[in-house]
Amino acid sequence: MGSHLTPRPPSYARVSLAVMMTGREANLLGNIHGGEIVKLADSTAGAIAQRHTDGPAVTAALDEMVFLRPVAVGDIVRTIGQVNWAGRSSMEIGVRVEAQPWNDPSESGLHVASASFVFVAIDADGRPRPIPSLSPETPEDHRRLREAEIRRANRLARKSEIEAGRLELP
Ligand SMILES: CC(C)(COP(=O)(O)OP(=O)(O)OC[C@H]1O[C@@H](n2cnc3c(N)ncnc32)[C@H](O)[C@@H]1OP(=O)(O)O)[C@@H](O)C(=O)NCCC(=O)NCCS
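Being a predicted model, the structure only gives us computed values, none of them experimental.

A few words now on the overall build of the protein chain. Along the backbone of the protein chain there are two helices and five strands. The helix and strand sequence of the protein chain, counted from the amino end, reads β-α-β-β-β-β-α. With respect to the principal axes defined by its C-alpha atoms, the protein chain has extents near 55 × 50 × 35 Å. Looking at the protein chain alone, contacts between residues at least 24 apart form 73% of all its contacts between residues at least 6 apart.

If you want it as structure tokens, here you go:
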């Protein structure tokens, strides 16, 4: 049956992007600006969200963005991402970023950053729309799902605690 809400495995929407970093993306220290890495990871996650949900989706939140090592001008930066968790209209997408010197194939890609994005699928009026659920296949998929559920619970708890605190303000 080909319903557009048929559950999909993470492998269905997996996306990888690769870009060579140039001086245009450098910061004042001569390394690559962190915002460039965020943009690349966000673009990767956007393509994944579009594929998983067959339509438009927007970035709702970004957390757990960690920068592990600097990226140099001339590095080939590669992202790889997949849906970790899917709810009613929102999904968590994990993106891993690796870098490899453009001219040295003996160097394997180094893990330079990772991030968790929340994307929300929207309809033509910009309102959240239902999305296919996630059907994890591998032990790794199940691990990502379990960890994404912990992050979602923390996000929601943090949000409601902050909102409750604001209500108590004079
Ligand atoms: C994202 C957006 C569509 C959510 O709209 P909303 O009216 O708040 O939607 P809801 O409260 O019904 O929440 C919809 C879903 O998003 C989730 N969600 C919304 N904000 C969230 C956040 N900050 N963190 C985690 N999840 C979030 C909700 O938990 C819900 O998930 P579910 O449907 O899977 O249960 C809306 O806030 C928006 O358009 N934001 C701007 C997005 C954008 O332009 N991004 C580009 C960056 S410039």
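For the ligand, the set of nearby residues contains 14 residues, the closest of which are Thr-59, Arg-88, Ser-89, Ser-90 and Val-120. A distance of 2.7 Å separates an oxygen atom of the ligand from a polar side-chain atom of Ser-89. In this structure, an oxygen atom belonging to the ligand sits 2.7 Å away from a side-chain N or O atom of Ser-90. Surface burial for the ligand is 51%, taken as the share of its 950 Å² of free accessible area covered by protein chains. Listing elements by their share of the shell around the ligand, those giving two or more residues are strand E2 (57–67), strand E5 (110–121) and helix H2 (139–167). Take the shell around the ligand: its biggest share by element is four residues, from E2. Each residue belonging to the shell around the ligand can be placed in one class, and the counts come to seven nonpolar, four polar and three charged.

Judged by nonpolar contacts, the single largest core of 31 residues is most densely connected at Ile-37, Val-71, Val-77, Met-91 and Ile-93. Among the secondary structure elements, those contributing two or more residues to this core are helix H1 (34–53), strand E3 (75–86), strand E4 (90–101), E5 and H2. Sequence-distant contacts of Ile-93, that is, excluding residues within four places in its chain, are made with Ala-45, Ile-48, Ala-49, Gln-82, Val-83, Asn-84, Ala-115, Ser-116, Phe-117 and Phe-119.

Further remarks concern H2. Spanning 29 residues, H2 covers 42 Å between terminal C-alpha atoms, matching the ideal 42 Å at 1.5 Å per step. Those residues of H2 that fall on the buried side of the exposure criterion are Asp-141, Leu-145, Ala-148, Arg-151 and Arg-155. On its buried face, H2 is in contact with E2, E3, E4 and E5.

Tallied over the entire structure, the rule returns nine salt bridges. Between Arg-151 and Glu-92 there is a salt bridge, with its nearest N and O atoms 2.7 Å apart. Of the two residues, Arg-151 is situated in helix H2 and Glu-92 in strand E4; the sequence distance between them amounts to 59 residues. Judged on exposure class, the residue Arg-151 and its partner Glu-92 are both buried. Taken together, the shared-partner salt bridges in this structure form one network comprising Asp-63, Glu-92, Arg-151 and Arg-155.

Calculation rules
- Residues numbered from 1 in each chain as written.
- Predicted model: local features only at pLDDT ≥ 70, side-chain atom pairs only at ≥ 80, totals over all residues.
- Heavy atoms only, no water.
- Helix = DSSP H or I, 4+ residues; strand = E, 2+ residues; numbered from the N terminus.
- Contact = heavy atoms within 4.5 Å.
- Near = heavy atom within 4 Å.
- Polar contact = N/O pair within 3.5 Å; in protein donor to acceptor, adjacent residues only side chain to side chain.
- Areas by Shrake-Rupley, 256 points an atom, 1.4 Å probe, with all protein chains shown as cover.
- Nonpolar A, V, L, I, M, F, W, Y, C, P; charged D, E, K, R; others polar.
- Core = buried A, V, L, I, M, F, W, Y, C linked by side-chain atoms within 4.5 Å.
- Buried < 20%, exposed > 50% of the residue type's maximum accessible area, 1.4 Å probe, protein only.
- Expected span 1.5 Å × (residues − 1).
- Salt bridge = Lys/Arg side-chain N within 4 Å of Asp/Glu carboxyl O.

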